[in-house]
Amino acid sequence: MNLYDIMGPVMVGPSSSHTAGAVRIGLISRKLLGEKVQKAEILFHGSFFATGIGHGTDRAVIAGLLGMAQDDLRIPKSLELARKQGMEWTFGRAHLKDVHPNSVKLCLTGESGRKLEIVASSPGGGRVEICQMDGLYTSFSGDMPVLIVHNQDSPGHVSAAASLLADAGINIASMRLSRDRRNGSAVMVLECDQEIPEKTVRQIEKMKGIQKAASLAGMD
């Protein structure tokens, strides 16, 4: 347990789950998209939908998508700032299965046309969990550096990615694998002790059978 666990995040309130956590979800999603968000469909689930407006969850998610951190004083004005930057967005409701009540589904389009779908939860204290990416199950918080690789479900991809990380001096702390079906699409989530160099991410992305790869520096 650290000071963050005891006292919670330094944030613009009012709620660590509905505000600070929502900002963090937006920020992680923007970083995983890898570019400026042009369009966003934001679908709130459970308590996020029921009480989110009062807690500023709508403004918080948009703030994160703009690249703001949890303690950014501009969060209350994020909708206005997003309009000025040309971002388009819609808010709605989602009925998600097997997720925390404080959850949201984000369907994002970047300025180059790149797309990303995220389902994420904010259980409290400013902590978050990325539950799904592009329809495949994941589970990571963004606290540690992480590499996310989408690939065809066939032999050799996990070992090849791990080998390139080893060549770059990166130690894997944990690994989670998921697939939609046998020989279908799969995703590997590799939490690491060191930040993953962009060069290594691009090398992995160029391997046969890799659909896309993205990395995220630890946010704690």
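The rules behind the values
- Residues numbered from 1 in each chain as written.
- Predicted model: local features only at pLDDT ≥ 70, side-chain atom pairs only at ≥ 80, totals over all residues.
- Heavy atoms only, no water.
- UniProt positions renumbered as here; feature names shortened; annotations may be inferred.
- Helix = DSSP H or I, 4+ residues; strand = E, 2+ residues; numbered from the N terminus.
- Pairing = 2+ DSSP bridges.
- Axes fitted to C-alpha atoms, helices over the stretch in contact; angles between N-to-C directions.
- Contact = heavy atoms within 4.5 Å.
- Buried < 20%, exposed > 50% of the residue type's maximum accessible area, 1.4 Å probe, protein only.
- Core = buried A, V, L, I, M, F, W, Y, C linked by side-chain atoms within 4.5 Å.
- pLDDT = per-residue confidence, 0-100.
- Parallel < 35°, antiparallel > 145°, perpendicular 65-115°, else oblique.
- Left-handed = near helix turned anticlockwise from the far one by under 90°.
- Nonpolar A, V, L, I, M, F, W, Y, C, P; charged D, E, K, R; others polar.

K.L.:
Would you take a moment to explain the UniProt feature "domain: ACT" (unreviewed entry) in the protein chain for this structure?
P.N.:
Following the UniProt record, one finds the feature "domain: ACT" (unreviewed entry) at residues 146-218. Annotation note: span residues 146-218, helix share 26%, strand share 41%, distance between end C-alpha atoms 7 Å.

K.L.:
Whenever I open this one, the sheet that holds strand β9 (residues 185-192) confuses me. Can you help?
P.N.:
Backbone hydrogen bonds are what pair the strands of a sheet, in a parallel or an antiparallel way. With antiparallel pairing, the four strands of this open sheet are ordered in space as β8-β9-β7-β10. Edge positions in the open sheet fall to β8 (172-179) and β10 (210-216), since each of these has one partner strand only. With strand direction ignored, the average angle separating the axes of adjacent strands in the sheet is 15 degrees. Sheet strands in contact with helix α6 (residues 157-167) are β7 (146-152), β8, β9 and β10, and its direction is about 30 degrees off that of β9.

K.L.:
I tried to follow the pairing of strand β3 (residues 103-110) on my own but got confused; where do I start?
P.N.:
One face of the sheet, then the other: side chains in a regular strand alternate in exactly this way. Within β3, six of the eight residues are buried, leaving the element largely enclosed by the surrounding structure. The pairing of strand β1 (residues 37-45) with β3 spans eight bridges and is antiparallel. Among the inter-strand pairings, His-45 is bridged to a residue of β3, identified as Ser-103. As defined by bridge partners, β3 adjoins strand β4 (residues 115-124) across seven bridges and the pair is classed as antiparallel. Bridging from a neighbouring strand, Cys-107 pairs with Glu-117 of β4. The turn joining β3 and β4, which pair antiparallel and follow one another in sequence, is formed by four residues; a positive phi near 100 degrees is taken by Gly-113.

K.L.:
Which parts of the structure should I look at to understand the nonpolar core?
P.N.:
Nonpolar side chains in soluble globular proteins generally cluster together in the buried interior. Residues Leu-32, Ile-42, Ile-62, Leu-65, Leu-106 and Phe-140 are the most contacted members of the largest nonpolar core, which totals 39 residues. Top contributing element to this core by residue count: helix α2 (residues 16-33), with six residues. Setting aside its immediate chain neighbours within four residues, Phe-140 contacts Leu-32, Val-128, Glu-129, Ile-130, Met-133, Val-146, Ile-148, Val-189, Glu-191 and Leu-216. By size, the runner-up hydrophobic cluster in this structure holds 15 residues, among which are Leu-147, Val-149, Met-188 and Ile-204.

K.L.:
Sorry if this is basic, but what is going on with helix α4 (residues 57-65) here?
P.N.:
For an α-helix, 3.6 residues make a turn, and residues three or four places apart therefore share a direction. Counting buried positions along α4 gives eight out of nine residues, so the element sits mostly inside the fold. Gly-67 sits one or two positions beyond α4 and adopts a positive phi of about 100 degrees.

K.L.:
I would appreciate a short explanation of unusual backbone geometry in the present structure.
P.N.:
Apart from glycine, the bulk of residues carry a negative phi angle, and the bulk of peptide bonds sit in the trans form. Phi is positive for Asp-98, which is not a glycine, with a value near 55 degrees. Within the fold, Asp-98 resides in the loop between β2 (88-93) and β3. Asp-98 gets classed as exposed once you look at its relative accessible area, which sits at 81%. Positive phi, close to 50 degrees, is recorded for Asp-134, a residue that is not glycine. Examined against the element boundaries, Asp-134 turns out to sit in the loop between β5 (127-133) and β6 (136-140).

K.L.:
Sorry, what's going on with the confidence of the model for the protein chain here?
P.N.:
For any part of a model where pLDDT is low, the fine detail of the predicted coordinates should not be relied upon. This prediction gives the protein chain a mean pLDDT of 90; 91% of its residues lie at or above 70. Within the model, pLDDT remains below 50 along residues 1-14, and this stretch shows 32 contacts once partners closer than five positions in the same chain are excluded.

K.L.:
Explain the environment of Gly-209 to me, please; I cannot follow it from the model alone.
P.N.:
By secondary structure assignment, the location of Gly-209 is in the loop between α7 (198-205) and β10. For the pair Gly-209 and Leu-32, spaced 177 residues apart in the sequence, the C-alpha separation amounts to 20 Å. What Gly-209 contacts, discounting residues up to four positions off in sequence, is Asn-151, Gln-152 and His-157.

K.L.:
Is there a simple way to explain the packing of α6 against α7 in this structure?
P.N.:
The description of two helices packed together rests on the angle between their axes and the distance between the axes. Axis separation between α6 and α7 bottoms out at 10 Å; the angle between their running directions is 155 degrees. The angle between α6 and α7 places the two elements in the roughly antiparallel class. The chirality of how α6 crosses α7 is right-handed. Here α6 contributes Ala-161, Leu-164 and Leu-165 to the contact with α7, which in turn contributes Thr-200, Gln-203 and Ile-204. Partitioning the contact of α6 with α7 into residue classes produces four nonpolar, two polar and no charged.

K.L.:
What exactly am I supposed to notice about the pairing of β5 here?
P.N.:
Taken across its seven residues, β5 has six buried, putting it largely inside the fold. Pairing analysis gives five bridges linking β4 to β5, with the strands arranged antiparallel. Residue Gly-124 lies in a different strand from β5, and its bridge partner there is Arg-127. Linkage of β4 to β5, two consecutive antiparallel strands, is achieved through a turn of two residues, within which Gly-125 is found at a positive phi near 70 degrees. By the bridge criterion, three bridges tie β5 to β6 in an arrangement that is antiparallel.

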